[in-house]
Amino acid sequence: RGQVSAVDDQTLTVDTPRGEQLVFVDDQTRLRMPGVENPSLSDITPGMWVVATGFRREDGGLQARMILVISEHLQRRALRGEVTAIEDNVLTLETQRGEVQVFTDENTRYRSLAGDGQFSLGDIEVGSRVLILGRRGEEGVALAVNVILLPQ
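All figures in this text were calculated on a predicted structure; none of them were measured in a lab. (Residues numbered from 1 in each chain as written. Predicted model: local features only at pLDDT ≥ 70, side-chain atom pairs only at ≥ 80, totals over all residues. Heavy atoms only, no water.)

Caption draft 1: Up close: the overall build of the protein. In terms of helices and strands, the protein carries 1 helix and 12 strands. When the helices and strands of the protein are placed in sequence order, the string is β-β-β-β-β-β-α-β-β-β-β-β-β. The buried share of the protein, reckoned over its 152 residues, is 43%. Residue pairs at least 24 apart in sequence account for 53% of intrachain contacts in the protein once pairs closer than 6 positions are excluded. Total accessible area on the protein stands at roughly 8,900 Å², and carbon and sulfur atoms take up 44% of it. (Helix = DSSP H or I, 4+ residues; strand = E, 2+ residues; numbered from the N terminus. Buried < 20%, exposed > 50% of the residue type's maximum accessible area, 1.4 Å probe, protein only. Contact = heavy atoms within 4.5 Å. Areas by Shrake-Rupley, 256 points an atom, 1.4 Å probe, with all protein chains shown as cover.)

Spelled out as C-alpha cells, the structure:
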C-alpha cells in the first residue's frame, strides 16, 4: 500500500513505507475505484493512494491481481493484520503495532479481494488477513468504516 508516484503503460510506481515498489498490471488485474465503473489503469494518477495485492515477481516487482484506490484520509487510518479473535461486533487483530481491537457497526462495509459476491462480518474467521480502514470513535476506540478481506 502507498501513494502512486508514477503511472506507465502497464506499471505503477508506488511509494510504500518500505520504499518504492513497482506494481505490474495485466489483463488478470482487477481494479476498484470508488465512483468509477470499470476503472482502468488510465484512471489512476500520481498522488492517489492504493492497496495492491498479488504475487512477487522474480525481478522484485509485484504482479497485481487486485488494486484498490482509497482516499488519503482513509489510508492514514488503515490497520492491516491477522484476526486473532471475533466477539460479537469486535475484531481483535495482530498488527505490526501489536494487538488492536476494532469495532464494527451497521455502517461498516465489507469487501473481499479474494473473490466477488456478498461479504459480511460473518464471513471473517480467526486467521483471516484483513485491511481495516476506519476512524477513531468515542473513548479512542477504532471503528471500522471498511473491512477488506485479503487473499490468504
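Resuming the write-up.
Caption draft 2: Inspection of unusual backbone geometry at higher detail. Positive phi is not limited to glycine here, since Asn 38 has a value of about 50°. Its location among the elements puts Asn 38 in the loop between strand E4 (30-32) and strand E5 (49-56). A relative accessible area of 72% means that Asn 38 is categorised as exposed.

Caption draft 3: Local environment of the side chain of Thr 108. Structurally, the position occupied by Thr 108 is in the loop between strand E9 (98-103) and strand E10 (109-112). Separated by 3.0 Å, the side chain of Thr 108 and the backbone nitrogen of Asp 105 make a polar contact. Reaching out from Thr 108, the side chain makes a polar contact with the backbone oxygen of Ala 144 at a distance of 2.8 Å. (Polar contact = N/O pair within 3.5 Å; in protein donor to acceptor, adjacent residues only side chain to side chain.)

Caption draft 4: Inspection of the confidence of the model for the protein at higher detail. Summary statistics for the protein give a mean pLDDT of 84 and a share of 89% for residues scoring 70 or more. Confidence, expressed as mean pLDDT per element, reaches its minimum in the protein at helix H1 (residues 72-75) with 55 and its maximum at strand E3 (residues 19-24) with 93. (pLDDT = per-residue confidence, 0-100.)

Caption draft 5: Quick look at the pairing of E5. When strand E1 (residues 2-7) meets E5, the two strands line up antiparallel, connected through 2 bridges. Opposite Gly 2, over in E5, you have Val 50 as the bridge partner. Of the pairings in the sheet, the one linking E5 to strand E6 (residues 62-70) comprises 8 bridges and is antiparallel in character. Along E6, the bridge assignment pairs Arg 56 with Leu 62. Counting the residues between successive antiparallel strands, the hairpin from E5 to E6 contains 5 residues, one of them, Gly 60, with a positive phi of roughly 95°. (Pairing = 2+ DSSP bridges.)

Caption draft 6: Up close: the pattern of salt bridges. The final tally for this structure, using the stated rule, is 2 salt bridges. For Arg 57, the salt bridge is made with Asp 59, and the minimal N-O distance between the two is 2.9 Å. On the accessibility criterion, Arg 57 (28% relative accessible area) is partly exposed. (Salt bridge = Lys/Arg side-chain N within 4 Å of Asp/Glu carboxyl O.)

Caption draft 7: Quick look at a positive patch on the surface. Judged by side-chain charge, Arg 1, Arg 18, Arg 56, Arg 80 and Arg 97 come together as a positively charged surface patch. With respect to the helices and strands, the residue Arg 1 is situated in the segment before E1. (Patch = residues over 30% accessible without salt bridge, like charges linked within 9 Å, V, L, I, M, F, W, Y side chains within 5 Å. Lys, Arg positive; Asp, Glu negative; His and termini not counted. Charge placed at Lys NZ, Arg CZ, Asp CG, Glu CD.)

Caption draft 8: Molecular detail of the pairing of E9. Two strands pair when backbone bridges link them, and strand E8 (residues 90-95) and E9 are joined in this way by 6 bridges, in the antiparallel orientation. Following the sheet pairing, Glu 94 is matched in E9 by Glu 99. If you look at the hairpin formed by E8 and E9, you'll find 2 residues sitting between the two strands.

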